[in-house]
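The chain contents come next:
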Amino acid sequence: VPFICVSGVIGEETIIELIKSGAVDYVLKDRLRRLPFALKRALDDAKIKEAHRKAEQALQESEQNYRTLADSGQSLIWASGTDSLCNYFNSVWLNFRGQTFEHECENGFIHGLHPDDRQQRMDIYQEAFQSREKFSIEYRLLHNTGEYRWIQDNSSPRYSSTGEFLGFIGQCQDITERKLTEAALIESETHFRTLTDSGQALIWTSDVNQKC
């Protein structure tokens with residue numbers, strides 16, 4: 001509710017105290033012609049402040065909904081700002097790592113990357129950040145159990161509603177089981193070829209259509 005002080009005599013110190021206390025204007029009694037204009041300006045300012053308050057409330061609710069959604073899945077999610085430094089990790093990421101946000105923020109998470117994958121991941125990210133392009137990469141990340149697990153990081157630039165570049169956001173999946181299966185399959189195929197090539201028997205195979 002706008003507050004306007006109307007007084008016969010008012011000193012400068014009193015005016016300052018009134019403004020500090022929340023008054024939007026003051027009108028001297030011998031200048032009451034100003035009162036309608038002061039009221040209109042105060043009501044207009046109140047409408048603008050209310051609109052800003054509602055916009056901020058809607059933004060806070062939207063951010064809360066996003067955080068709830070990001071924390072409810074199984075994806076490890078991170079985000080960075082326009083300085084390329086990470087400023088967000090969802091609870092899934094923090095639980096996976098067994099670390100606090102303060103430890104992971106900015107470039108702290110880099111220490112969790114496998115030494116053999118660290119430089120490649122950072123080079124690809126920096127190149128994508130400069131060109132504002134998506135990237136996808138697989139690398140090993142230290143789990144809270146102390147073992148390195150494979151994750152697939154799919155990341156994209158993010159923009160505001162007006163098209164302003166805000167940074168990057170990444171969604172990561174634990175693909176360790178898939179990598180182990182692939183490695184076991186390769187080992188099995190290698191072992192099979194070694195056996196077939198080391199003997200003297202003639203070996204052939206066919207497909208479901210009985211074609212060799």
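Figured I'd write up the structure that's included with this text. (Residues numbered from 1 in each chain as written. Predicted model: local features only at pLDDT ≥ 70, side-chain atom pairs only at ≥ 80, totals over all residues. Heavy atoms only, no water.)

1. Regarding the packing of aromatic side chains
So, step 1. In the structure shown here, the tally under the stated rule is 13 aromatic pairs.
So, step 2. The interplanar angle of 85° and the centroid separation of 6.0 Å between the aromatic rings of Tyr125 and Phe168 together place this pair among those described as edge-to-face. Taken together, the positions of Tyr125 in helix 5 (residues 115-131) and Phe168 in strand 7 (residues 165-174) put the pair 43 residues apart, joining distant regions of the chain.
So, step 3. Its guanidinium or amino end placed over the ring of Phe129, Arg132 lies 5.5 Å from that ring's centre, counting from NZ or CZ. (Phe/Tyr/Trp six-rings, centres within 6.5 Å; stacked < 30°, edge-to-face > 60°. Helix = DSSP H or I, 4+ residues; strand = E, 2+ residues; numbered from the N terminus. Lys NZ or Arg CZ within 6 Å of the ring centre and 35° of its normal.)

2. Examining the nonpolar core
So, step 1. With 23 residues, the main nonpolar core has Trp78, Trp93 and Phe168 as its most contacted residues.
So, step 2. The set of elements that each furnish at least two residues to this core consists of strand 3 (76-80), strand 4 (86-89), helix 3 (91-97), helix 5, strand 5 (135-142) and strand 7. (Core = buried A, V, L, I, M, F, W, Y, C linked by side-chain atoms within 4.5 Å. Buried < 20%, exposed > 50% of the residue type's maximum accessible area, 1.4 Å probe, protein only.)

3. Description of helix 5
So, step 1. If you check helix 5, its first and last C-alpha atoms are 26 Å apart, about what 17 residues at 1.5 Å a residue would give, namely 24 Å.
So, step 2. Buried-residue contacts for helix 5 involve strand 3, strand 5, strand 6 (148-159) and strand 7.
So, step 3. The positive-phi residue at the C-terminal boundary of helix 5 is Arg132, with phi of around 60°. (Expected span 1.5 Å × (residues − 1). Contact = heavy atoms within 4.5 Å.)

4. Some remarks on the side chain of Ser75
So, step 1. Note on placement: Ser75 falls in the loop between helix 2 (35-72) and strand 3.
So, step 2. Among the polar contacts made by the side chain of Ser75, one reaches the side chain of Gln173 at a distance of 2.5 Å. (Polar contact = N/O pair within 3.5 Å; in protein donor to acceptor, adjacent residues only side chain to side chain.)

5. Some words on the pattern of salt bridges
So, step 1. The tally for this structure, following the rule as stated, stands at 10 salt bridges.
So, step 2. A salt bridge links Arg178 to Glu138, with the nearest nitrogen and oxygen atoms 2.6 Å apart. Of this pair, Arg178 sits in helix 6 (residues 176-198) while Glu138 sits in strand 5, placing them 40 residues apart in sequence.
So, step 3. Since its relative accessible area comes to 35%, Arg178 is described here as partly exposed.
So, step 4. Here Glu177 makes a salt bridge to Arg149, at a shortest N to O gap of 3.7 Å. (Salt bridge = Lys/Arg side-chain N within 4 Å of Asp/Glu carboxyl O.)

6. Comments concerning the sheet that holds strand 6
So, step 1. Read across the open sheet, the five strands follow the order 4-3-7-6-5; overall the sheet is antiparallel. Each having just a single partner strand, strand 4 and strand 5 make up the two edges of the open sheet. Averaged over all adjacent pairs, the angle separating strand axes in this sheet is 30°, with direction ignored.
So, step 2. As paired strands, strand 6 and strand 7 are joined by nine bridges and run antiparallel to one another. Within strand 7, the residue paired with Asn154 across the bridge is Gln171.
So, step 3. Docked against the sheet, helix 5 engages strand 3, strand 5, strand 6 and strand 7, running at close to 150° with respect to strand 5. (Pairing = 2+ DSSP bridges. Axes fitted to C-alpha atoms, helices over the stretch in contact; angles between N-to-C directions.)

7. A look at the pairing of strand 7
So, step 1. Sheet topology places strand 3 next to strand 7; four bridges connect them, and they run antiparallel. If you follow Ala79 over to strand 7, its bridge partner there is Ile169.
So, step 2. From the end of strand 6 to the start of strand 7, which pair antiparallel, there are five residues, and Gly163 there has a positive phi angle of about 90°.

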